[in-house]
Amino acid sequence: MSTSLDQIADHAGRFAILAMDQRGTLRTMLERAGQPSSDHDLGQFKVDVIRALSPMASGVLTDVDHGVAAVRAARALDPQAGLLIASERSPQPTWNGERRTEYSSAERGPRFVADNGGVALKFLVRWRPDRPVGPGEPDLAREAIDAIAAVVADCREYGMPSVIEPLVTKPPNGEWLSPEQHKRLVIRSAELLAALGPDLLKLEWPGDADGCRELSKVCRNVPWALLSAGVAYEQFVERVRTAMDAGATGYIAGRAFWGEAVGLTGAERRHFLQGTARQRMAGLNAAIRGHGRSWREVAAQ
C-alpha cells in the first residue's frame, strides 16, 4: 500500500492540485509579458495565485526558492490544501546541453520538504527513456532512474509521499518528435518510473484516450494525475475528463488557470485571479466530479 496521499487529495481520494512551482519558466513568462521578474516579483505572483486558488485545491505545489517563505509570510495558503514542495533544483545541471538528473537526499530530500512545511515531495525529471549511450558519454537515462529510485526510497523510509513528474525531452540534435513518437515515450517513461514505486505520477498528455488507458495499464498500482503543460483551459478540461475516464486520479495544473495573469499587475492581476482563474478551477472541479478513480483504489490493486 502506498504512503497516504490523503493530505493532498479531496474527500473522494482524487487530486485537484494547483501547480505554482515554476521558477525559470515563470520568470521567462513575466519577462516576455514585459513585467518585472525579480525574485521578489516571482514571490508576489505566487502569493496572489495561491491566495486566490488554494481554497479550491486539494493541494498546492510550490517551491522553496521563491514560493514557500513568501506564501507563509502572507498567510496565502488555505489550511485545507496540503503543501507539496518541489525538490529538484532549478536550473538543473546539463551535459552538452542535455538535462541531467541530480538528487541530494541530504540537501533536498524529504526532511528538507518537511522542514519547509511540506507534506509531500515532488521531483521533476526531464529525460528520454530511450536515450542511447555513445562512447565516452554518461548514461543519462540510467542517471534519471537511479535518482528517482533514491527519491522514492528516501520518501518511503521517511513516511512522506513521493510525487514524480517525468517530462520527455526532444532529442539533443533537435530532431522533431511526431505525436505518435511522443505518445510512446510518455507511456514508456511512465512504465519505467511506475516500476520504482512512487506514490503518485504527474504525467503529460499521451495524445488521446487510448494513450490514457495505456498509462493506467502500465502504471498498475501507481495513481497518476494529468499536468496541463500550458494548454488552453477549455482543452485542458477535455483532456482531464478523458484521462479520468481512462483511469487517472485527477490533475496537477497551473497555467491553464492563471496563465494570462503574467501580463497583469497589482489589483488588476488579483481581480483576474479572484474572478476568471477561480471560475476556471471551480468549473474543472465540477466537470470531473464523479469521474476517475480514488488513489486508494489504484494503490490497493
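To keep things clear, this report deals only with the structure shown in the data block. (Residues numbered from 1 in each chain as written. Predicted model: local features only at pLDDT ≥ 70, side-chain atom pairs only at ≥ 80, totals over all residues. Heavy atoms only, no water.)

1. Some words on the pairing of strand β6 (residues 120-127)
Consecutive side chains of a regular strand alternate in pointing toward one face of the sheet and then the other. Burial of β6 is extensive: 7 of the 8 residues sit out of reach of the surface. In this sheet, β6 lies alongside strand β3 (residues 82-86) in parallel orientation, the contact comprising 3 bridges. Bridge assignment links Ala 86 to a residue of β6, and that residue is Lys 122. Pairing of β6 with strand β7 (residues 162-168), which is carried by 7 bridges, proceeds in the parallel orientation. By the bridge assignment, Leu 124 is partnered in β7 with Glu 165. (Buried < 20%, exposed > 50% of the residue type's maximum accessible area, 1.4 Å probe, protein only. Helix = DSSP H or I, 4+ residues; strand = E, 2+ residues; numbered from the N terminus. Pairing = 2+ DSSP bridges.)

2. Some details on the packing of aromatic side chains
The full count for this structure, using the stated rule, is 5 aromatic pairs. With centroids separated by 5.4 Å and ring planes inclined at 75°, the aromatic side chains of Phe 45 and Trp 258 adopt a geometry described as edge-to-face. Placement of the pair is Phe 45 in helix α2 (residues 39-53) and Trp 258 in helix α10 (residues 255-258), with a sequence separation of 213 residues. Using a relative accessible area of 0% as the deciding quantity, one classes Trp 258 as buried. Consider the rings of Tyr 233 and Phe 257, whose centres lie 6.5 Å apart with planes at 50°: the pair is tilted. Within this pair, whereas Tyr 233 is found in helix α9 (residues 233-245), its partner Phe 257 is found in helix α10, the two being separated by 24 residues in sequence. Of the residues examined, Phe 257 reaches a relative accessible area of 0% and is grouped as buried. (Phe/Tyr/Trp six-rings, centres within 6.5 Å; stacked < 30°, edge-to-face > 60°.)

3. Points about the nonpolar core
With 82 residues, the main nonpolar core has Leu 18, Leu 53, Trp 224, Tyr 251 and Trp 258 as its most contacted residues. The biggest single contributor to this core is helix α6 (residues 140-158), with 8 residues. Core analysis: the second largest hydrophobic core is formed by 16 residues, Phe 15, Ala 120, Leu 200 and Ala 225 among them. (Core = buried A, V, L, I, M, F, W, Y, C linked by side-chain atoms within 4.5 Å.)

4. Considerations on the sheet that holds strand β1 (residues 15-20)
Reading around the barrel, the 8 strands line up as β1-β2-β3-β6-β7-β8-β9-β10 and close back on themselves, with parallel pairing between neighbours. Along the sheet, successive strands turn relative to each other by an average axial angle of 25°, direction set aside. (Axes fitted to C-alpha atoms, helices over the stretch in contact; angles between N-to-C directions.)

5. Details of unusual backbone geometry
Geometrically, the link from Ser 90 to Pro 91 is a cis peptide bond, its omega value of 0° lying close to zero. Despite not being glycine, Arg 75 has its phi angle at roughly 50°, a positive value. When you line up the elements, Arg 75 lands in the loop between α3 (68-74) and β3. In this structure, Arg 220 is a non-glycine residue whose phi angle is positive, near 55°. Take Arg 220: it is sitting in the loop between α8 (209-219) and β9 (224-227).

6. Section: helix α7 (residues 179-194)
Taking 1.5 Å as the rise per residue, α7 with 16 residues should run 22 Å; its terminal C-alpha atoms sit 22 Å apart, in good agreement. All of the buried residues along α7 are Lys 183, Leu 185, Val 186, Ile 187, Ser 189, Ala 190, Leu 192, Leu 193 and Ala 194. Along its buried surface, α7 packs onto β6, α6, β7, β8 (200-203) and α8. (Expected span 1.5 Å × (residues − 1). Contact = heavy atoms within 4.5 Å.)

7. Section: the packing of helix α1 (residues 24-32) against α2
Following both chains from N to C, one finds α1 and α2 inclined at 100°, their axes separated by 11 Å at the closest point. Here α1 is positioned roughly perpendicular relative to α2, judged by the angle of their axes. Of α2, the residues touching α1 (which contributes Leu 26, Arg 27 and Leu 30) are Asp 39, Leu 42, Phe 45 and Lys 46. Looking at the contact of α1 with α2 residue by residue, the classes come out as 4 nonpolar, no polar and 3 charged. (Parallel < 35°, antiparallel > 145°, perpendicular 65-115°, else oblique. Nonpolar A, V, L, I, M, F, W, Y, C, P; charged D, E, K, R; others polar.)

8. Observations regarding the packing of α9 against helix α11 (residues 266-288)
Axes are the key here: two packed helices are described by the angle between their axes and the distance separating the axes. At a closest axis distance of 10 Å, the pairing of α9 and α11 adopts a crossing angle of 25°. Taken together, the axis directions place α9 and α11 in an arrangement best described as roughly parallel. In this structure, the crossing between α9 and α11 has a hand that is right-handed. In this structure, α9 uses Tyr 233, Phe 236, Val 237, Val 240, Arg 241 and Met 244 to contact α11, whose residues at the interface are Gln 279, Arg 280, Gly 283, Leu 284, Ala 287 and Ile 288. A class-by-class count of the residues in the contact of α9 with α11 yields 8 nonpolar, 2 polar and 2 charged. (Left-handed = near helix turned anticlockwise from the far one by under 90°.)

9. What to know about the environment of Arg 280
Mapped onto the fold, Arg 280 is located in helix α11. Under the relative-accessibility criterion, Arg 280 is labelled buried at 14%. Those residues in contact with Arg 280 that sit more than four places away from it in its chain are Tyr 233, Ala 256, Phe 257, Glu 260 and Phe 272. One polar contact links the side chain of Arg 280 to the main-chain carbonyl oxygen of Phe 257, over a distance of 3.1 Å. (Polar contact = N/O pair within 3.5 Å; in protein donor to acceptor, adjacent residues only side chain to side chain.)

10. Quick notes on the pattern of salt bridges
For the structure shown, the criterion picks out 22 salt bridges. Its salt-bridge partner being Asp 65, residue Arg 23 comes within 3.2 Å of it at the nearest N-O pair. One end of the pair, Arg 23, is in the loop between β1 and α1; the other, Asp 65, is in the loop between β2 (59-62) and α3, with 42 residues separating them in the sequence. Residue classification places Arg 23 among the buried positions, given a relative accessible area of 7%. One salt bridge in this structure joins Asp 210 and Arg 213, with 2.3 Å as the shortest N-O distance. (Salt bridge = Lys/Arg side-chain N within 4 Å of Asp/Glu carboxyl O.)

So yeah, pure geometry; function would need other evidence.
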